[in-house]
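# Understanding the architecture of this molecule
Chain by chain, the residues:
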Amino acid sequence: MERDNRDYVCDLIKRTENKLGIDFYVDWVAYNPISVFWDSASYCVSEKNGAIIFIPKRTKDRSTLRELVFHELGHAYVQNYRIPKYISNTFGNFDDLPFLDYQYRIMKNYSGPRNKGFVSRYAEVSPEEDFAETFSFVISGRKYFNGELILLNSDLILHRKIKLIKKLLRLN
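Residues numbered from 1 in each chain as written. Predicted model: local features only at pLDDT ≥ 70, side-chain atom pairs only at ≥ 80, totals over all residues. Heavy atoms only, no water.

## Comments concerning the overall build of the protein chain
Broken down by element type, the protein chain carries six helices and five strands. Of the regular secondary structure in the protein chain, the N- to C-terminal order runs α-β-β-β-α-α-α-α-β-β-α. By the burial criterion, 45% of the 172 residues in the protein chain qualify as buried. Sequence-distant contacts in the protein chain: of pairs separated by 6 or more residues, those separated by 24 or more amount to 58%. Split by element, the accessible area of the protein chain, about 10,300 Å² in all, is 53% carbon and sulfur. (Helix = DSSP H or I, 4+ residues; strand = E, 2+ residues; numbered from the N terminus. Buried < 20%, exposed > 50% of the residue type's maximum accessible area, 1.4 Å probe, protein only. Contact = heavy atoms within 4.5 Å. Areas by Shrake-Rupley, 256 points an atom, 1.4 Å probe, with all protein chains shown as cover.)

Okay, structure coming up:
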């Protein structure tokens with residue numbers, strides 16, 4: 001019988017915390033009640049329930065699930081730690097966007113080829129999404145993102161962002 005994805009994600013978070021020496025302060029992993037149309041995950045914090053990573057119930061591909069969780073850990077990092085100036089100077093201001101602006105940017109940037117300086121189209125939605133997508137790329141150690149080989153030699157802006165996240169996480 002296949003192990004529950006929530007157990008897999010809890011183990012993945014613990015292994016990542018141990019590897020990086022960082023506590024992401026995730027209290028719960030639950031199935032996302034609204035991931036009906038596509039595989040999506042989210043990170044939220046409430047006074048009542050603490051920090052929760054919601055994962056899609058229907059994702060069977062562990063590689064995709066791993067990428068989603070690492071992305072949400074990027075958001076958890078932003079929520080729980082002070083972001084140094086060298087990060088915000090490169091990624092931009094991490095202030096929240098108004099909900100409708102955020103939704104518009106998601107629809108506009110959800111698919112298509114990525115632009116230079118970003119690991120994915122989704123990273124263009126906001127500075128925090130850019131950080132979370134790049135954070136996921138760095139801690140996963142992969143060279144491909146959304147099926148595309150990321151060539152850092154030809155993308156100096158993205159190369160700089162990756163170096164800064166490695167510096168932040170002391171992975172250099």
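## Let's talk about the pattern of salt bridges
For the coordinates displayed, the defined rule picks out four salt bridges. The salt bridge involving Arg142 is made with Glu67; its shortest N-O contact spans 3.9 Å. Taken together, the residues Arg142 in the loop between helix H5 (127-140) and strand E4 (144-145) and Glu67 in helix H2 (residues 62-80) connect sequence positions 75 residues apart. Judged by its relative accessible area of 24%, Glu67 falls in the partly exposed class. Between Arg114 and Asp155 there is a salt bridge; the shortest N-O distance is 3.1 Å. (Salt bridge = Lys/Arg side-chain N within 4 Å of Asp/Glu carboxyl O.)

## Some words on helix H6 (residues 156-168)
Taking 1.5 Å per residue, 13 residues should reach 18 Å; H6 reaches 18 Å between its end C-alpha atoms and fits that length. Among all positions of H6, only Leu158, Lys161, Ile162, Leu164, Ile165 and Leu168 are buried. Buried residues of H6, viewed axially, fall in a sector of 160 degrees; they line one side. Among the structural elements, H2, helix H3 (85-91) and H5 are those in contact with the buried residues of H6. Looking one or two residues beyond H6, the residue adopting positive phi is Arg170, at roughly 55 degrees. (Expected span 1.5 Å × (residues − 1). Arc of directions from axis to C-beta.)

## Some words on the pairing of strand E3 (residues 50-55)
With six of six residues buried, E3 is to be regarded as a mostly interior element. As paired strands, strand E1 (residues 28-31) and E3 are joined by four bridges and run parallel to one another. Residue pairing in the sheet places Tyr31 in a bridge with Ile55 of E3. Bridge count for strand E2 (residues 42-46) against E3 is five bridges, and the pairing is antiparallel. Counted as the bridge partner of Cys44 is Ile52 from E3. (Pairing = 2+ DSSP bridges.)

## Thoughts on a nonpolar patch on the surface
There is a patch of nonpolar side chains on the surface, built from Tyr144, Leu149 and Leu151 and spanning about 300 Å² of accessible area. Residue placement: Tyr144 occurs in strand E4. (Patch = residues over 30% accessible without salt bridge, like charges linked within 9 Å, V, L, I, M, F, W, Y side chains within 5 Å.)

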